[in-house]
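Next come the chains, spelled out residue by residue.
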Amino acid sequence: MNKPIPYGRQNITEEDISAVVEVLKSDFLTQGPKILEFEQKFANYVGSKYAVAVSNGTTALHLSVLALGLKPKQKIITTPITFAASANSALYVGAEVEFADIDPDTALIDLKKVRKLLESSPKGSYSGLIPVDLAGCPVNMEEARKIADEFGLWILEDACHAPGGYFTNVAGEKSFCGNGRYADASVFSFHPVKHIACGEGGMITTNSAEVYEELLLLRTHGITKDSNRFRLSSEEIAQGGWYYEMQELGYNYRIPDILAALGVSQLNRANEGLARRREIAEKYDLAFSNQPQIKPLTTFKDYPGHAYHLYIIQTKDRKELYEKLKANSIYSQVHYIPLHLQPYYKSLGFKKGDFPLAEKYYEEALSIPMYPSLSDSEQDFVIQSILKD
Ligand SMILES: *Cc1c(COP(=O)(O)O)cnc(C)c1O
């Protein structure tokens, strides 16, 4: 029997291990210099002005909606084909979620439907848009920005699947996911199945100094030690080197230096990993190109900026294929069960039939193994297992 082949997995090297051990022997396990180093290197990687490292992708979303000013009862728009956290973040602050159905060609949120929803709603009904770069396929943020500006929305890009991904804008320039050019903020996750593994970890990128400062404050209890920002005067309260102020209701959403060091070390190999992901994708594209029963959701030829967190195929016999692969110790997965059909979201009033294209996509989608350390022979075995009767 072959060794199990998952749909995604981390790649940890001796270099990564030494980077972690070094921090363990240092003075700072958390709140030390590795955090800023990770942030600066990550901002540089995606091309944003600022980056804030946090404890995971979900807390990155939570802090972002807070920093963007989302308030109770306000509403955001997102896609039903995403991980629960993209939408849950709005519920955390007492806001409400609406979905726009997907574009069946990519399974990304259909921006035309977003526009329709906004046009058919009273002005000011929605505060924000949370598009998701599903599987690593970048949403066209330039188009999203146009709509957002027209209707007064902020954009929070969930780029958890897409570090290193890009789309090409009207001017013909590559615009990288999370570069802060069109979205007000973008979030990333460092869960082990994602491109960069920290175990747990997340990052928010933005080009707004104001959002950046707010994120820093909220990440650590709403407390600041920066004397330029103090609100009370030294006449009101005795101040000295010890003094700090809690100015808002924040959280402890910090990432420890131990994990930030792993992130830095992983980030050093991010381009290499991305190139390997694209190579794997091209080989799958070719293998399925004349197999009408297996349809890649998108191809590398059509989306050269795809970051390939996932390689998604669509097939009528999805369950049969899932079982057949499992019998060969190949563990595929489905991304995602439409969020509006989850019991919790149904309890909020959503029902089957609300987003028919998302529901149809779900019936046929399967994510097959995609990670840089997938060997050529393993990939051949996956392809053979998919294509044999
Ligand atoms: C992984 C993921 C998240 C959440 O990240 P965690 O680090 O697991 O909290 C959010 N959105 C999407 C699209 C994700 O894939």
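Structure: above.
A short tour of the structure in this document, coming up.

What counts and how
- The residue numbers shown here count from 1 along each chain, following its written sequence.
- Totals for whole chains, interfaces and linings use all residues, but because this is a predicted model, local features are given only for residues with pLDDT of at least 70 and pairs of side-chain atoms are given and counted only at 80 or more.
- To get the side-chain values, take all heavy atoms of the structure and skip hydrogens and water.
- Under the DSSP-based scheme used, a helix requires at least four consecutive residues in state H or I and a strand at least two consecutive residues in state E, with every element numbered from the N terminus.
- By convention a nonpolar core is built from buried Ala, Val, Leu, Ile, Met, Phe, Trp, Tyr and Cys residues, the set being connected through side-chain atoms within 4.5 Å.
- Classification of residues uses two cut-offs on accessible area relative to the type maximum, computed with a 1.4 Å probe and protein chains only: under 20% is buried, over 50% is exposed, and between them is partly exposed.
- Residues are treated as being in contact if the distance between any of their heavy atoms lies within 4.5 Å.
- Whether two strands pair depends on DSSP finding at least two bridges between them.
- Salt bridges are defined by distance alone: a side-chain nitrogen of Lys or Arg within 4 Å of a carboxyl oxygen of Asp or Glu.
- Put simply, a residue is near a molecule or strand once any heavy atom of it comes within 4 Å of that molecule or strand.
- Contacts described as polar in this section are N or O atom pairs within 3.5 Å, which, within protein, must combine one atom able to donate a hydrogen with one able to accept it, while residues neighboring in sequence count only if both atoms come from side chains.
- The classification used treats Ala, Val, Leu, Ile, Met, Phe, Trp, Tyr, Cys and Pro as nonpolar, Asp, Glu, Lys and Arg as charged, and all other residues, Gly among them, as polar.
- A 1.4 Å probe that fits but cannot get out identifies a cavity on a 1 Å grid over protein atoms alone, an open set with protein on both sides within 12 Å along at least five of seven lines counts as a pocket, and a residue lines either if it has an atom within 4 Å of a point.
- Grid points are joined across faces, edges and corners, and a volume is the space filled by probe spheres set on the points.
- Here an axis means a line fitted to C-alpha atoms, over the contact stretch when the element is a helix, while the angle between two N-to-C directions is reported on a 0 to 180 degree scale.

**Examining the environment of Leu274**
Part 1: Tracing the backbone through its elements, the reader meets Leu274 in helix 9 (residues 270-287).
Part 2: Once the C-alpha coordinates of Leu274 and Pro163 are considered, the two residues, 111 residues apart in sequence, prove to be 8.8 Å apart.

**What about the nonpolar core?**
Part 1: With 68 residues, the main nonpolar core has Ile77, Val114, Leu134, Leu156 and Tyr361 as its most contacted residues.
Part 2: With five residues, the single largest contributor to this core is helix 3 (residues 57-67).
Part 3: Here Leu134 is in contact with Ile81, Thr106, Ala107, Leu108, His161, Ile312, Tyr336 and Tyr361, once residues within four sequence places are set aside.

**Structural notes on the pairing of strand 9 (residues 202-206)**
Part 1: Counting buried residues along strand 9, five of its five residues qualify, which places the element largely inside the surrounding structure.
Part 2: Along strand 9, one buried face is formed by Gly202, Ile204 and Thr206 and the opposite face, lined by Met203 and Thr205, is buried too.
Part 3: Judged from the five bridges that link them, strand 1 (residues 50-54) and strand 9 form a sheet pairing that is antiparallel. From the neighbouring strand, Ala53 faces strand 9, where its bridge partner is Met203.
Part 4: Direction of pairing for strand 8 (residues 185-189) relative to strand 9: antiparallel, over a ladder of four bridges. Directly across from Ser186, in strand 9, lies its bridge partner Thr205.

**Notes on the pattern of salt bridges**
Part 1: A full pass over the atoms with the stated rule returns 19 salt bridges.
Part 2: We note a salt bridge from Glu279 to Arg276, for which the minimum N-O separation is 2.6 Å. With Glu279 and Arg276 both in helix 9 and three residues apart, the pair spans about one turn of that helix.
Part 3: Using a relative accessible area of 16% as the deciding quantity, one classes Arg276 as buried.
Part 4: Each member of the salt-bridge network shares a partner with another, and the members are Lys34, Glu37 and Lys41.

**Section: helix 12 (residues 356-364)**
Part 1: For helix 12, the set of buried residues is Ala358, Glu359, Tyr361 and Glu364.
Part 2: Those residues of helix 12 that are buried are in contact with strand 13 (311-314), helix 10 (318-327) and strand 14 (365-368).

**Details of the site of the ligand**
Part 1: In the region of the ligand, 15 residues are neighbours, and Thr58, Asp158, His161, Ser189 and Lys194 sit closest.
Part 2: Within the side chain of Asp158, one N or O atom sits 2.7 Å away from a nitrogen atom of the ligand.
Part 3: Within the side chain of Tyr336, a nitrogen or oxygen atom sits 3.5 Å from an oxygen atom of the ligand.
Part 4: Residues of the shell around the ligand, tallied by class, amount to five nonpolar, eight polar and two charged.

**Here's the deal with the layout of surface pockets**
Part 1: Considering only enclosed or pocket space, the largest pocket measures out at about 550 Å³ in volume.
Part 2: Along its surface, the largest pocket is lined by 25 residues, and Glu213, Leu216, Leu217, Arg219 and Ile223 are the ones closest to its centre.
Part 3: Of all the elements in the fold, those that place two or more residues in the lining of the largest pocket are helix 2 (33-46), helix 7 (209-219) and strand 10 (223-224).
Part 4: The element that contributes the greatest number of residues to the lining of the largest pocket is helix 7, accounting for seven residues.

**Overview of the side chain of His161**
Part 1: Mapped onto the elements of the fold, His161 is located in the loop between strand 5 (154-158) and strand 6 (166-168).
Part 2: For His161, the side chain forms a polar contact with the main-chain nitrogen of Ala135, separated by 2.8 Å.
Part 3: Here the side chain of His161 touches Tyr336 through a polar contact of 2.9 Å, side chain to side chain.
Part 4: Each residue touching His161, except ones within four places of it in the same chain, is listed here: Asp133, Leu134, Ala135, Gly136, Lys194, His195, Ala307, His309, Leu310 and Tyr336.

**Section: the sheet that holds strand 13**
Part 1: If you walk across this open sheet you meet the three strands as 12-13-14, and the pairing is antiparallel. Two strands lie at the open edges of the sheet, namely strand 12 (295-296) and strand 14, each paired on one side alone.
Part 2: Sheet strands in contact with helix 10 are strand 13 and strand 14, and its direction is about 25 degrees off that of strand 14.

**Considering the sheet that holds strand 4 (residues 128-130)**
Part 1: Strand order in the open sheet formed by seven strands is 1-9-8-5-4-2-3, with mixed pairing between adjacent strands. Sheet topology places strand 1 and strand 3 (96-99) at the edges, where each strand pairs with a single neighbour. Geometrically, the sheet is characterised by an average inter-axis angle of 20 degrees between neighbouring strands, direction not taken into account.
Part 2: Relative to strand 3, strand 2 (residues 75-78) is paired through four bridges, and the arrangement is parallel. The residue bridging Thr78 from the neighbouring strand is Phe99, located in strand 3.
Part 3: Where helix 2 meets the sheet, its contacts fall on strand 1, strand 8 and strand 9, and the angle it forms with strand 1 comes to roughly 130 degrees.
Part 4: With respect to the sheet, helix 6 (residues 141-151) is in contact with strand 4 and strand 5, its orientation differing from that of strand 5 by roughly 150 degrees.

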